[in-house]
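A look at the structure
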Amino acid sequence: MNVLLTGGAGYIGSHVLRALLDAGHNCAVYDSLVKGHARSVDPTGARLILGDVADSRTLGQTLDENEIDTVINFAAFIEAGESVEKPEKYFHNNTIKGLELLETMRAGGVKRIVFSSTAAVYGSPERIPIEETDPLVPINPYGASKLCVEYMLRAYAHVYGIGGVVLRYFNVAGAHPSGETGEDHTPETHLVPLVLQVPLGMRNDIKIFGDDYDTPDGTCIRDYIHVCDLSEAHVLAAEAIEHGQIKTYNLGNGEGFSVREVIETCREVTNHEIPSQVTPRRPGDPPGLVASSRKAIDELGWKPRFAELKTIVTDAWAWHQNHPDGYDD
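In what follows, the accompanying structure is described. Since we're looking at a predicted model, the values are computed, not measured.

Where helix H1 (residues 11-22) contacts helix H8 (residues 227-239), the axes come no closer than 8 Å and their chain directions differ by 60 degrees. Comparing their axes, H8 and H1 come out oblique. Here the hand of the crossing between H1 and H8 comes out right-handed. Contacts from Tyr11, Ile12, His15, Val16, Ala19 and Leu20 in H1 reach Val227, Cys228, Leu230, Ser231, Glu232, His234 and Val235 in H8.

Below, the structure written as structure tokens:
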């Protein structure tokens, strides 16, 4: 395949890039670098094109010049809490630009796409673990902005014959074992890197947003998946695209860990006390999100290799110790 990774200089995109190259595919990265990092792409030798997905001229030229047959779209804002405060930012960037991407692909005759979606499309689920057929009732604009694109994809498959795979991520963490690629967000909102900032001396404690949820220890429960396992699923998904069909898969480990359990694992890995402080709940946070990934395992032949939370945290810790300031160090 000749693959274009839109938003491919970000955390997940840069790891998927490595997995695709390892599998023998040709890749180029298209990124505005508003959130991504050129240094995450540099070690791979892949071509990096600076551009916005809304720039149909530059994107169209990129598709043509690189003879792209498959797009994997990571270009999105991902902060659920911010989306509650600034919904227009998320619907414009994630949804409207998602439509513009599909239109540019259609104009260029590119009919294969893997779409980076999210467990946030489920909102507060009625049951755990969550299956792909469960109700889609997002409780924040971030989840809604992604769900809108899922609906667009189905319409484009029906009318224009596009083939695609929707991957609904749960909580992604960890880093590449090479140490060359890891997590670097500004601002950082993900739990594992935030917790690890305490032993790095970058913050005094870690905030726990609410301890009165209907969970065993009162804190939110999430399903954590290693970024390298997630990346392998993208390769399998891209290779499994069928003309005129949109397939949807959850990607998680099928096991939930509370905020307190994650903090305790980070204490064990770092050998640091990591003080915590309980603060009020954040808007838009469901109590629990745990995936059933049985469909991906059965249909794609996907098998997570780094399922243990301690392994995920250990790899993340190795990256952050060597790159305390991310790609800017």
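There is more to say after this.
This part covers the packing of helix H5 (residues 87-108) against helix H6 (residues 141-160). To characterise two packed helices, one gives the angle between the axes of the helices and the distance between these axes. H6 packs onto H5 with a crossing angle of 20 degrees between their chain directions and a minimal axis gap of 8 Å. The pairing of H5 with H6 is recorded here as roughly parallel in orientation. With respect to the hand of their crossing, H5 and H6 are arranged in right-handed fashion. Touching Pro87, Tyr90, Phe91, Asn94, Thr95, Leu99, Leu102, Glu103 and Arg106 of H5 are Pro141, Tyr142, Ala144, Ser145, Cys148, Val149, Met152, Leu153, Tyr156 and Tyr160, all from H6. Of the residues in the contact of H5 with H6, the class split is 14 nonpolar, three polar and two charged.

Okay, helix H3 (residues 56-65) next. Of all the positions in H3, only Leu59, Thr62 and Leu63 are classed as buried. Down the axis of H3, the sector holding all buried residues measures 100 degrees, keeping them to one side. Every exposed residue of H3 that faces more than 90 degrees away from the buried side is listed here: Arg57, Asp64 and Glu65. Taken together, the buried residues of H3 touch strand E1 (2-6), strand E2 (26-31), strand E3 (47-50), strand E4 (70-73) and H5. Backbone geometry just after H3 places glutamate 67 at a positive phi near 50 degrees.

Within a sheet, adjacent strands bond to each other through the backbone by hydrogen bonds, running parallel or antiparallel. One open sheet accounts for seven strands, arranged E3-E2-E1-E4-E5-E6-E10; its pairing is parallel. Of all strands in the sheet, those with a lone pairing partner are E3 and strand E10 (246-251), marking the two edges. Across this sheet, the average inter-strand angle for adjacent strands is 20 degrees, counted without regard to direction. The pairing of E1 with E4 spans four bridges and is classified as parallel. By the bridge assignment for E4, leucine 5 is matched with isoleucine 72.

Moving on, we get to the side chain of threonine 181. Assignment of secondary structure puts threonine 181 in the loop between strand E7 (171-173) and helix H7 (191-196). Among residues more than four places away in sequence, those in contact with threonine 181 are Ser14, His15, Arg18, Ser40, Ala175, His176, Trp319 and Tyr327.

For the structure shown, the criterion picks out four aromatic pairs. Judged by centre distance (6.5 Å) and plane angle (80 degrees), the rings of tyrosine 90 and tyrosine 142 are edge-to-face. One end of the pair, tyrosine 90, is in helix H5; the other, tyrosine 142, is in helix H6, with 52 residues separating them in the sequence. A relative accessible area of 0% places tyrosine 90 in the buried class. A network of ring pairs unites the aromatic residues Phe77, Tyr90 and Tyr142 as a single cluster. Positioned above the aromatic ring of phenylalanine 77, the side-chain terminus of lysine 89 is 4.6 Å from the ring centre. The cationic tip of arginine 106 hangs over the ring face of tyrosine 160; the distance from NZ or CZ to the ring centre is 4.1 Å.

To continue, consider the environment of cysteine 228. When you line up the elements, cysteine 228 lands in helix H8. Distance in space between the C-alpha atoms of cysteine 228 and arginine 281 is 31 Å, their sequence separation being 53 residues. Once residues lying within four places of it in the same chain are set aside, the contact partners of cysteine 228 are His15, Ala175, His176, Pro177 and Phe306.

Here the focus is the environment of glycine 108. Along the chain, the position of glycine 108 falls in helix H5. When its relative accessible area of 52% is taken as the criterion, glycine 108 is described as exposed. As a C-alpha pair, glycine 108 and leucine 59 span 49 residues in sequence and 9.6 Å in three-dimensional space.

One pass over the full model with this rule turns up one cavity of 30 Å³ or more. Quantified by volume, the largest cavity comes out at close to 40 Å³. Residue lining of the largest cavity: Leu102, Arg106, Val110, Lys111, Tyr156, Tyr160 and Ile162, and that is the complete set. Looking at the lining of the largest cavity, the elements with two or more residues in it are H5 and H6. Of the residues belonging to the lining of the largest cavity, the class tally is five nonpolar, no polar and two charged.

How each quantity is defined
- Residues numbered from 1 in each chain as written.
- Predicted model: local features only at pLDDT ≥ 70, side-chain atom pairs only at ≥ 80, totals over all residues.
- Heavy atoms only, no water.
- Axes fitted to C-alpha atoms, helices over the stretch in contact; angles between N-to-C directions.
- Helix = DSSP H or I, 4+ residues; strand = E, 2+ residues; numbered from the N terminus.
- Parallel < 35°, antiparallel > 145°, perpendicular 65-115°, else oblique.
- Left-handed = near helix turned anticlockwise from the far one by under 90°.
- Contact = heavy atoms within 4.5 Å.
- Nonpolar A, V, L, I, M, F, W, Y, C, P; charged D, E, K, R; others polar.
- Buried < 20%, exposed > 50% of the residue type's maximum accessible area, 1.4 Å probe, protein only.
- Arc of directions from axis to C-beta.
- Pairing = 2+ DSSP bridges.
- Phe/Tyr/Trp six-rings, centres within 6.5 Å; stacked < 30°, edge-to-face > 60°.
- Lys NZ or Arg CZ within 6 Å of the ring centre and 35° of its normal.
- 1 Å grid on protein atoms, 1.4 Å probe; cavity = no way out; pocket = protein on both sides within 12 Å on 5 of 7 lines; lining within 4 Å.
- Points joined across faces, edges and corners; volume = space filled by probe spheres on them.

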